[in-house]
Amino acid sequence: RLITLYIISIISIMSCNKGNTNAGKVVEIYLFQTFQTVPGKCRVDSSVSVLQQTALIKNQDIVSYSHLSYQFTLTDAGMAKINALKDFTAFAVTVDKEVMYYGILKQFTSSSSCDHSIVMTVDFTSNNKLNMGLGYPGMMQDVPIDDQRNHAKLLATLASQGKLK
């Protein structure tokens, strides 16, 4: 009996997963070499859009991510890169260069809407915060958006780095 209990204990200990196997190594935000929108929609057409070779926002530029408010906090250097972008800049949030979701940057001064996408806006009420919202100026009823802002792999990677809030 003791041997059986010992074997079961060893098997249990060996089968414990101490790390999250779903976690990647780096979260980054890329811009595009070329991109198009889906005809008639403010949404990146992933079938014809090509990421740039180098990330705009590197892993070290990301301080934290709030999964409740869908908000990234960036370093000063990272925020300066975002502030230099123009309205309607397309981006992709990636884990190990695998796209988790696509989106469009919208400036608060923009008068055009963007109803079909995740949109990035700068939060002017606090320092170095990026909001990832649904639609601009807000989500419209009966307009579906593939909401991957809290993709499991994205959250697991951020959690493994201590950046998930």
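Residues numbered from 1 in each chain as written. Predicted model: local features only at pLDDT ≥ 70, side-chain atom pairs only at ≥ 80, totals over all residues. Heavy atoms only, no water.

A. Seen up close, the nonpolar core. Phe 72, Ile 82, Val 93, Tyr 101 and Met 132 are the most contacted members of the largest nonpolar core, which has 28 residues in total. If we skip the residues at most four places from it in the chain, Phe 72 touches Ile 62, Ser 64, Tyr 65, Val 93, Tyr 101, Asn 128, Lys 129, Leu 130 and Met 132. In this structure, Tyr 30, Val 44, Ile 104 and Tyr 136 belong to the second largest nonpolar core, which totals 12 residues. (Core = buried A, V, L, I, M, F, W, Y, C linked by side-chain atoms within 4.5 Å. Buried < 20%, exposed > 50% of the residue type's maximum accessible area, 1.4 Å probe, protein only. Contact = heavy atoms within 4.5 Å.)

B. Structural detail: the side chain of Lys 106. Take Lys 106: it is sitting in the loop between strand 7 (98-105) and strand 8 (114-123). A distance of 3.2 Å separates a polar atom in the side chain of Lys 106 from a polar atom in the side chain of Asp 87. Leaving out residues up to four positions away in the same chain, Lys 106 has contacts with Asp 87, Phe 88, Ser 112, Cys 114, Val 119, Met 120, Thr 121 and Tyr 136. (Helix = DSSP H or I, 4+ residues; strand = E, 2+ residues; numbered from the N terminus. Polar contact = N/O pair within 3.5 Å; in protein donor to acceptor, adjacent residues only side chain to side chain.)

C. A look at the sheet that holds strand 9 (residues 129-136). Pairing within the open sheet is mixed, and its seven strands lie in the order 1-6-7-8-9-5-4. Two strands in the sheet have a free side with no partner beyond their single neighbour: strand 1 (27-30) and strand 4 (62-66). When strand polarity is set aside, the average angle formed by the axes of neighbouring strands in this sheet is 30°. (Pairing = 2+ DSSP bridges. Axes fitted to C-alpha atoms, helices over the stretch in contact; angles between N-to-C directions.)

D. Broad picture of the state of the cysteines. One pass over the structure, following the stated rule, counts one disulfide. Covalently, Cys 42 is tied to Cys 114 through a disulfide, its sulfur atoms 1.9 Å apart. Its torsion about the S-S bond being -85°, the disulfide of Cys 42 and Cys 114 is classed as left-handed. On the criterion of sequence distance, the pair formed by Cys 42 in the loop between strand 2 (32-34) and strand 3 (50-51) and Cys 114 in strand 8 is long-range, its members being 72 residues apart. The exposure classification of Cys 42 matches that of Cys 114, with both residues buried. (Disulfide = S-S within 2.5 Å.)

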